[in-house]
Structures are given as C-alpha cells and as structure tokens.
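# Chains, contacts and geometry: an overview
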Amino acid sequence: MSFPGGVFAVDSLGHTVRYRACDGDTGRVADPDMRVAAGVASGEVVVDGTGYRYRVPLVGRSEGTLEVIRRHRQPTELTGVVVTPTGGTVEE
C-alpha cells in the first residue's frame, strides 16, 4: 500500500508487515495474529513503542488503511492504493 511519503507492505502468507516512510523503517515484523478473511489482511503490531493497525485488501486494486499510533500524539490515519499480484500477497 503506498501513501504520500511511504509504503506499508503485507505478506499474508508469511504473516509479516513492513512500514517504510520518511519517519522510519520497521523492517519485516512478524504478526502471528494477522487475520486474513474475505480477501483482507488486518491486524496490529507494535514496534519500538509505535503501533501500526492495518486493514489491507489482498485482491485487485483498492484502498487500504493504516493507523500509526505514537505515544503522546494523536493517531495518524493513512490511506493508500493497494495493488496486488496474482496469488494474494502484497510485497514491497
């Protein structure tokens, strides 16, 4: 999923996510509790005190959402276009 200033990638088969933007790069992060249902991957991970809550479609070209939750700040909601390859896995 791309949004102004960055990308958020989901690997639904490996249950990992990655946030890359001007304010940082999480690297690949395991999300063993990732939910994959009805063509959508969703979940939440915390990296170095920052939370990332996501809902990313895994089919077609559509809009996904990412909420970045930092201590002592208002959450930031990002939306972006998701483009998926055949097979349902979103890669960077």
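In case you missed it, the structure is sitting above this.
Conventions and cut-offs
- Residues numbered from 1 in each chain as written.
- Predicted model: local features only at pLDDT ≥ 70, side-chain atom pairs only at ≥ 80, totals over all residues.
- Heavy atoms only, no water.
- Pairing = 2+ DSSP bridges.
- Helix = DSSP H or I, 4+ residues; strand = E, 2+ residues; numbered from the N terminus.
- Phe/Tyr/Trp six-rings, centres within 6.5 Å; stacked < 30°, edge-to-face > 60°.
- Buried < 20%, exposed > 50% of the residue type's maximum accessible area, 1.4 Å probe, protein only.

This paragraph deals with the pairing of strand E10 (residues 76-83). Pairing geometry for strand E9 (residues 61-69) and E10, over eight bridges, is antiparallel. Along E10, the bridge assignment pairs Gly64 with Gly80. What sits between E9 and E10 in their antiparallel hairpin is a turn of six residues, with His72 showing a positive phi close to 60°.

So, on to the packing of aromatic side chains. Each aromatic ring pair is specified by the distance between its two centres and by the angle formed by the two planes. The full count for this structure, using the stated rule, is three aromatic pairs. Between Phe8 and Tyr54 the ring centres are 5.3 Å apart and the planes differ by 45°, which places this aromatic pair in the tilted class. One end of the pair, Phe8, is in strand E2 (residues 6-11); the other, Tyr54, is in strand E8 (residues 50-57), and 46 residues separate them in sequence. Accessibility assignment for this pair places Phe8 and Tyr54 in one class, buried. Centroid distance Tyr19 to Tyr52: 4.9 Å. Interplanar angle 40°. Geometry classified as tilted.

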